[in-house]
Each structure stands twice: as C-alpha cells, then as structure tokens.
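A structural walkthrough
Residues per chain are reported as follows:
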Amino acid sequence: MSYSKTTSSKSNSAKANFAKVVSKKKSLVKMSSKSVKSSKSAKSNTSTQSLGQLPDKTLIQMLDLMIKSRVLEERLIKIYRAGESYFWIGGPGEEAWGVPIGLLANKGQGVKHDFLHLHYRCTPTLIAMGMPMKDSIRLMMNRVTDPSTGGRNFSNHYCIPEMNIAPVTSPIGVQYGIALGTAHAQKRAGAKAISIVTGGDAGTAEGDFASCLIWASRKDNELPMLITVQNNYWGISTSYEGQHGETNIADRARGFNIRSRVVNGNDPVESYLALKEEMDYIRKTGKPSFIEAKVSRLYGHSSASGANLVTSEEDCIKSFSDKLVSKKIITEKEVKAIWSAYEEEALRATEEARGEGAPTSDSIWDHVFADNENSDWRKF
Ligand SMILES: Cc1ncc(C[n+]2csc(CCOP(=O)(O)OP(=O)(O)O)c2C)c(N)n1
Ligand SMILES: [Mg+2]
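Residues numbered from 1 in each chain as written. Chains lettered and ligands numbered in written order. Predicted model: local features only at pLDDT ≥ 70, side-chain atom pairs only at ≥ 80, totals over all residues.

When you go through the protein chain residue by residue, the secondary structure sums to 11 helices and 7 strands. When burial is assessed residue by residue, the protein chain has 51% of its 380 residues classed as buried. Excluding contacts between residues fewer than 6 apart, the proportion of contacts in the protein chain whose partners are at least 24 apart in sequence is 77%. (Helix = DSSP H or I, 4+ residues; strand = E, 2+ residues; numbered from the N terminus. Buried ≥ 20, exposed ≤ 12 C-beta atoms within 10 Å, placed from the backbone. Contact = placed C-beta atoms within 7 Å.)

We now examine the environment of N106. With respect to the helices and strands, the residue N106 is situated in the loop between α3 (95–104) and β1 (115–117). For the pair N106 and M129, spaced 23 residues apart in sequence, the C-alpha separation works out to 9.6 Å. Excluding anything up to four places from it in sequence, N106 contacts H113, D114 and A193.

What follows covers the site of ligand 1. Surrounding ligand 1, one finds 14 residues, the nearest of these being P171, G200, A202, G203 and G235. Grouping the constituent residues of the shell around ligand 1 by class yields 5 nonpolar, 7 polar and 2 charged. (Near = placed C-beta within 6 Å. Nonpolar A, V, L, I, M, F, W, Y, C, P; charged D, E, K, R; others polar.)

With that settled, the discussion passes to the packing of helix α2 (residues 56–81) against helix α11 (residues 332–354). The interhelical angle for the contact between α2 and α11, taken along N-to-C directions, is 40 degrees, at an axis separation of 9 Å. One finds that α2 runs oblique with respect to α11. The two elements α2 and α11 meet at a crossing, and its hand is right-handed. Where α2 abuts α11, its residues D64, I67, K68, V71, L72, R75 and I79 lie against I338, W339, Y342, E343, A346 and T350. Looking at the contact of α2 with α11, its residues break down into 8 nonpolar, 1 polar and 4 charged. (Axes fitted to C-alpha atoms, helices over the stretch in contact; angles between N-to-C directions. Parallel < 35°, antiparallel > 145°, perpendicular 65-115°, else oblique. Left-handed = near helix turned anticlockwise from the far one by under 90°.)

Sheet architecture is open: 5 strands sit in the order β1-β2-β3-β7-β6, paired in parallel fashion. Single-partner strands in this sheet number two, and they are β1 and β6 (259–264). Each strand axis lies, on average, 15 degrees off the axis of its neighbour in the sheet, ignoring direction. Taken strand by strand, helix α6 (residues 174–189) contacts β1, β2 (195–197) and β3 (225–231), and its axis lies near 170 degrees from that of β2. (Pairing = 2+ DSSP bridges.)

Quick look at α11 now. Compared with the 33 Å implied by 1.5 Å per residue over 23 residues, the 33 Å span of α11 between its first and last C-alpha is a close match. Among all positions in α11, only E334, V335, I338, A341, Y342, E345, A346, A349, T350 and A353 are buried. (Expected span 1.5 Å × (residues − 1).)

Before going further, it helps to examine unusual backbone geometry. In this model, N164 sits at a positive phi of 55 degrees, which is unusual for a non-glycine residue. With respect to the secondary-structure elements, N164 resides in the loop between α5 (133–140) and α6. A positive phi is found at D220, a non-glycine position, where the angle reads about 65 degrees. Along the chain, the position of D220 falls in the loop between α7 (207–216) and β3. Looking at D220, the number of C-beta atoms within 10 Å reads 4, which means it is exposed.

Put simply, α5 and α11 touch, their axes get as near as 9 Å, and they point 45 degrees apart. Relative to α11, the element α5 is oriented oblique. Two packed elements cross with a definite hand, and for α5 against α11 that hand is right-handed. Counting all contacts with α5, which are made through M133, K134, I137 and R138, the residues of α11 involved are E345, A346, A349, T350, E352 and A353.

What follows is about helix α10 (residues 316–326). Within the sequence span of α10, burial applies to C316, I317, F320, S321, K323 and L324. Taken around the axis of α10, the buried residues stretch over an arc of 160 degrees, which confines them to a single face. Exposed residues pointing more than 90 degrees away from the buried face of α10 are listed as K318 and S326. Next to the buried residues of α10 lie α2, α3, α9 (268–285) and α11. (Arc of directions from axis to C-beta.)

For the rest of this paragraph, the subject is the pairing of strand β7 (residues 289–294). Of all 6 residues in β7, 6 are buried, a share of seventy percent or more. Taking every second residue as pointing to the same face, both faces of β7 are buried, with S289, I291 and A293 on one and F290, E292 and K294 on the other. Looking at chain direction, β3 and β7 are connected through 6 bridges and run parallel. Note that in β7 the partner of L226 across the bridge is S289. Alignment of β6 against β7, held across 6 bridges, turns out to be parallel. In the sheet register, S260 faces β7, and the bridge partner there is F290.

Moving on to the environment of T228. You can see T228 is positioned in strand β3. Taking the C-alpha atoms as reference, T228 lies 9.5 Å from S260; in sequence the two are 32 residues apart. Discounting chain neighbours no more than four positions away, the residues touching T228 are V197, T198, I291 and A293.

The structure is reproduced here in structure tokens:
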C-alpha cells in the first residue's frame, strides 16, 4: 500500500466535485491575515476567522479536506453508536489546524522527509496527506485489513511508515520525547526535513514535554522540530483553568529561547500561514519552533464522555464555509455537494470494511517484541 502519490484520495464523485468548484475560481483573495495572539476565541461560537493571501484553489482545497475529515469522524462515531466498534476518540473541531499541517508536510519515507509524531486527534492531517477514509474505518472497526495495526488498536491510532507517521500512542505526551530521535537523525543526515510533534494542553504536564523543550534547544545542538500544542482547554473533564501557571503554553518555549507563537487554530488561513512560516524557518535554520493552537473540541473527549456535539464552541468548518460563501469563492450549493459526496464515500467505505475479516488469534504476537522474555505474558 502506498499513500505517496496522492495528496487527497477522493471518490470519483467527490473528486469531480472538487475539480469543478476549483476551476471556476481563478482570482486571488486579498485580505489581511492578522495573528490572533493569546486568544480564547476557540471557546466561543462566534467566528474569528480571517482570510489571507491564499489562492482560491488552496482555500477550497482546505475546505474540501476539512469537510472530508469531519464526515469521516462523524461516520466513526456512528459506527461506535451502532455497536460496530468499542471506542471512539478523534479530531472533530481541529480540522482548521490539522489540514494545513498535512498539506505543508514534506511527505515520504525516511530522514529526507518530515516525520510526524501525532496524537489521537490527527485525522485531519492524515486526510490532507492522502489517507483513504476506508483505512481509518478499518482501524475503527478492527478489521485485519487496517494497514496501521492489522485491526489491533483503536480509532485514530495510526501508524503509516510510508509517510513517516510514527505510531500514535495512547499514553499521552510520549510523542514529544520520541520526536527528538527522528529530529536527531534528520539533523545528522543534513536533510532539510523536520520532525513535527502535536499534543494536547493537558499532556504538557508530562515530563516528556519538558524534556522535549530541553533537548530541542541545546545551544549549538538545536534540533529541526516543529513542536505544537493543540489547546482545547480540556484534559478529559479537567478544565485548563487552575492547571497552568503560565499565561500561554507557548510562553514555556520562550524560556528555552525557542521561537514561539500562539495561533487561532479555528482559522485555517491563519494556521496555514503560521505553519508555513515556521516550517520554512526550521528548514532554513535547523532550529526548533513552537506553535500553540487554540482549538475547539466538538464532540467532547471521546465516546467515554458520550461523543455528543458541543454547540457552544466555534465550528471551524461552519465559520470557514460561511466566509467563503460570503466572499463568493464558493456557493452554498457547492458546499452541500462536497458534504454529500463525502457522506456517500464514507458510507460505502463502511459497508466494504464491514465485509472484511477480523484479526485471528494466531497473529497476536505479530509486530510486538516477540522472541524475548517479555513477549508472552502466559510465560511470565
Ligand atoms: C500518561 C497518561 N496519563 C493519563 C492518560 C489518560 N488520558 C487520556 S487522554 C487524557 C487527556 C489529554 O488531554 P490533552 O492532552 O489536553 O488532549 P485532548 O484530549 O484535550 O486533546 C488523559 C488524561 C493517558 N492516556 N496517558
Ligand atoms: Mg486538551
């Protein structure tokens, strides 16, 4: 299986729809893009989005991928509710931030390409990198055909070597330490590639996060890392308030002389422009950079908290599509067509995945540290 040839895998109808919309839009949108510093806007349902100097084609492509990712996540929740899966956790509400990461990453395998150390809200990034919907559904439904884990992990815990997607880990925060390793390898290879790490606000309380800042910023040994935090102001049911002495999480990076900024992660244009600027900086200097993105959490923490739609927080897709419609970059009818083409694709993928087998017991020791004293608990 290879993801390397596509930026976005679409069904024929969704693909045709996207091409049709883009071909009609040739002009550049000229609007100001101001960085939202230290905004708590993610917690309100009022739109805070700007439009930058991005071509219509990119704006529409981002909206298209954001919708695709949302449709997929909502399908995963339905699969859970139908009793066809055990657990859901994912990234609805983080599309405006995750899609630009996927579009901007230097995709491929090995140290000459970017490594991505993502957490469990990363579907938008992987959809933007070309992961087919069906592969996410296979993981959700624990099908043997799931390319990430052979049906052995739960939703959004991807692992895609062809795209340098390191395994998503359930223990929070560990990805910050692991990312140091690939960044070291990239630095040693003299590549312009970078290691990108994402995580949640509560996970920054882990020692791995502090270690990451320390090891990424040693004088004359700085590492080419984009260190990010998606701040949704929640750690399951613990609110951000009362847990942080610092004003912004990004302020912590400044103590290590790491360049850092805060962005409105509900705004895909602001996120795209900030990510591009920081990725360019890291590739050029070999030094780390830090971005804190304020994001929404639109279906609560996970299925453990009900996975119900939260209407009090900004929905970045609604804000962005309203904006593009009001600027006549896309019509409402075209937006609706994008939604329904992806709904159709997700439904079809679910039906197909349903027919695929579950992993069998004889594969239980595959891909673990087999043949060592710890490999089989029955021999402890
Ligand atoms: C080391 C560890 N401790 C506790 C947990 C249980 N846990 C799972 S998600 C989570 C909250 C994470 O919050 P945050 O880092 O803000 O990410 P978010 O889920 O809000 O995106 C916790 C405490 C865990 N998975 N790993
Ligand atoms: Mg959080």
